[in-house]
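Next come the chains, spelled out residue by residue.
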Amino acid sequence: MSALAADLKAIGLTHTAQVVNDLIAEATQKRLAPAQLLERIVRAELAERTRRGFERRFTRSRIGRFKPVADFDWAWPKRIDKDAVEAALTLEFITAARNVVLVAPQGLGKTMLAKNIAHAALTAGYSVLFVSASQMLLDLAAQDSARSLERRIRHYGRPALLCIDEVGYLSYDTRNADLPFQIISRHYELKSIVLTTNLAFSDWPTVFPNATSATALIDRTIHHADIIAIEGDSYRRREAQLDKKAKKRA
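Residues numbered from 1 in each chain as written. Predicted model: local features only at pLDDT ≥ 70, side-chain atom pairs only at ≥ 80, totals over all residues. Heavy atoms only, no water.

### Here's the deal with the overall build of the chain
Now for step 1: If you tally the helices and strands in the chain, you get 11 helices and 5 strands.
Now for step 2: Rg of the C-alpha trace for the chain: 24 Å, well past the compact-globule value of 18 Å for 250 residues, more than 25% over.
Now for step 3: A buried classification covers 38% of the 250 residues belonging to the chain.
Now for step 4: In the chain, the proportion of contacts linking residues at least 24 apart, taken out of those at least 6 apart, comes to 80%. (Helix = DSSP H or I, 4+ residues; strand = E, 2+ residues; numbered from the N terminus. Rg over C-alpha atoms; globule rule 2.2 N^0.38 Å. Buried < 20%, exposed > 50% of the residue type's maximum accessible area, 1.4 Å probe, protein only. Contact = heavy atoms within 4.5 Å.)

As structure tokens, this is what we get:
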């Protein structure tokens, strides 16, 4: 059987090569017809290739670890539009080339929700890239030529869904303030962006020193966007307080 397994692997049927002994034993025991055995092999190969393809796309998406939306405590925020979040998870905004903007103070789960939306898009077959605003800026600013900069801008413009996390946690100097605008412009009315920020739009000029750049960036971000505002106290602060109380009781 080792020779058969090697031949199967050589022609690309890697999953079948791994389970060929079990397949033959099952076919013998259940007296499967040749067509039935071939059908099982094809279905198993397709399922395995789909799984491996998803794993590769998940790795490239850089979503990383996250809590599922089922663990989100909807009762904790003082204000959140649950219907809007659930609508975003249906991914209809992607087919319409719209954006989703999550505005919330630190520690209220906006990154968690953004990652759930990104994962849902990935599961649905869309190409996805998840990156923090600071990582993207440092990457773009590190390019040493116009050609390499254009290549990186195309990289961020390629996915069907680009998720930019934590806009507002890093200030942009005058030289680099237009870089995020170039990324947003590449997606404008063509592809979708999920963006999280801890700042109200009126405060964006505090991190974008060029007022014109900030205005243009805001305009193109929210023109076709569903804006979801979350208000309340930090989850992490609450968990820290609960842990502190538990340690005192212990």
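### Topic: the nonpolar core
Now for step 1: One finds Y156, L162, I164, W204 and F208 to be the most contacted residues of the largest nonpolar core, which totals 29 residues.
Now for step 2: Element by element, the count of residues in this core is highest for helix α7 (residues 133–141), at 4 residues.
Now for step 3: Excluding residues that lie within four positions of it along the chain, L162 makes contacts with L129, V131, Y156, I183, H187, S192, I193 and V194.
Now for step 4: With 27 residues, the next largest nonpolar core counts V100, M112, A114 and L122 among its residues. (Core = buried A, V, L, I, M, F, W, Y, C linked by side-chain atoms within 4.5 Å.)

### Description of the environment of Q29
Now for step 1: If you trace the backbone, Q29 turns up in helix α2 (residues 14–30).
Now for step 2: What makes Q29 exposed here is its relative accessible area of 68%.
Now for step 3: It is 61 Å that separates the C-alpha atoms of Q29 and T221, two residues lying 192 residues apart in sequence.

### As for the pairing of strand β3 (residues 161–167)
For a regular strand, side chains alternate in direction, first toward one face of the sheet and then toward the other.
Now for step 1: Of all 7 residues that make up β3, 6 are buried, and the element is covered over most of its length.
Now for step 2: Examined bridge by bridge, strand β2 (residues 128–132) and β3 share 5 bridges and lie parallel to one another. Residue pairing across strands places L129 opposite L162, the latter belonging to β3.
Now for step 3: Two elements, β3 and strand β4 (residues 192–197), share 5 bridges in a ladder whose sense is parallel. Across the sheet, V167 pairs through a bridge with T197, a residue of β4. (Pairing = 2+ DSSP bridges.)

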